[in-house]
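Given next are the chains, with one letter for each unit.
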Amino acid sequence: MGYGGTIVTTTDGGNSWTSQSSGTFNPLVGVSRTDANTGTAVGGAGIVLRTTDGGNNWVPQVSGTESDLLRVSFTDENNGTAVGQFGTILRTTDGGSHWVPQQSGTTEVLAGVSFTDTDHGIAVGAFGIILRTTNGGENWVRENSGTDYDISRVSLTTAVGYGGAILRRTEPTPTPTPSPTPSTTPRPTPTPRPIPVPRPRPTPPR
């Protein structure tokens, strides 16, 4: 992907690259493929292109925005999220036939996005912005990145950016819950049995 609508692809691990026709001169700056045939590219002025035949044909989709889209992440052929200028987040659940805007809570540039499954994803951007969702983008929650540098890329739980920033998200270690001490029921003290006293035997007469 590149400027002037450039798309190049390889089928031999990068030994050779073949140009493909995108049908646009807009810059293309983000791409996500879920298999050898299916992929989505995004770029300037809200452009979204989709291929289902390995890139022989790239078909425009309606994104509903004219903001530049910078990155896109699909977890399967249907579910994907694109991010870009002015805090733009778009979501599709039908392979891009419909793109729905989501509330990011920011107007800053979002320059990277990565989803690990349909529900869990992270978006990153200017001034150290990190947003996280656990419900497919219905809610995006800002997290403390600890940096004011622009964060430009994210993959799974690792983000990188300007100033040599490398950030990795780790789940807090849960505090173990102490096991309850088993209570013991006191055993009843047995009642002592009376010791039988021998009865005196009568003295026989002499």
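Residues numbered from 1 in each chain as written. Predicted model: local features only at pLDDT ≥ 70, side-chain atom pairs only at ≥ 80, totals over all residues. Heavy atoms only, no water.

Trainee: Can you explain the side chain of Ser22? Please cite residues and give values.
Mentor: The topology assignment puts Ser22 in the loop between strand S2 (18-20) and strand S3 (28-33). Here Gly5 takes part through its backbone oxygen, which lies 2.6 Å from a polar atom of the side chain of Ser22. One polar contact links the side chain of Ser22 to the main-chain carbonyl oxygen of Thr24, over a distance of 3.2 Å. When near neighbours in sequence (up to four residues on either side) are disregarded, Ser22 contacts Gly5, Ile7, Leu28, Leu49 and Trp58. (Helix = DSSP H or I, 4+ residues; strand = E, 2+ residues; numbered from the N terminus. Polar contact = N/O pair within 3.5 Å; in protein donor to acceptor, adjacent residues only side chain to side chain. Contact = heavy atoms within 4.5 Å.)

Trainee: Can you lay out the sheet that holds strand S12 (residues 121-125) for me, pointing to particular residues and giving the numbers?
Mentor: Picture the strands of a sheet paired through backbone hydrogen bonds; they go either parallel or antiparallel. Spatial strand order, S11-S12-S13-S14: four strands in an open sheet with antiparallel pairing. If you trace the sheet from one side to the other, it starts and ends with strand S11 (110-115) and strand S14 (141-143), each paired once. Within this sheet the neighbouring strands show an average axis-to-axis angle of 25°, counted without direction. Sheet topology note: the S11/S12 ladder contains five bridges and is antiparallel. Bridge pairing in S12 links Ser114 to Ile122. (Pairing = 2+ DSSP bridges. Axes fitted to C-alpha atoms, helices over the stretch in contact; angles between N-to-C directions.)

Trainee: Before we move on, could you go through the pairing of S12 and cite the residues and values that matter?
Mentor: With respect to burial, S12 is a largely interior element, five of its five residues being buried. Of the two faces of S12, both are covered, the one formed by Gly121, Ala123 and Gly125 as well as the one formed by Ile122 and Val124. In textbook terms, the turn of a hairpin is the stretch between consecutive antiparallel strands, and for S11 and S12 this stretch comprises five residues. Bridge analysis of S12 against strand S13 (residues 130-133) gives four bridges, and the strand direction is antiparallel. Looking at S13, one finds that Ile122 is bridged to Arg132. Between S12 and S13, which pair antiparallel one after the other, the connecting turn spans four residues, and Phe127 there sits at a positive phi close to 60°. (Buried < 20%, exposed > 50% of the residue type's maximum accessible area, 1.4 Å probe, protein only.)

Trainee: Describe the sheet that holds strand S16 (residues 158-161), listing the residues and the values that go with them.
Mentor: Strand order in the open sheet formed by three strands is S15-S16-S17, with antiparallel pairing between adjacent strands. In this open sheet, the two strands that pair with only one neighbour each are strand S15 (151-155) and strand S17 (166-168). If you compare each strand with its neighbour and ignore which way they point, the axes differ by 20° on average. In the sheet, S15 pairs with S16 via four bridges, with the strands oriented antiparallel. In the strand pairing of S16, Ile151 is matched with Gly161.

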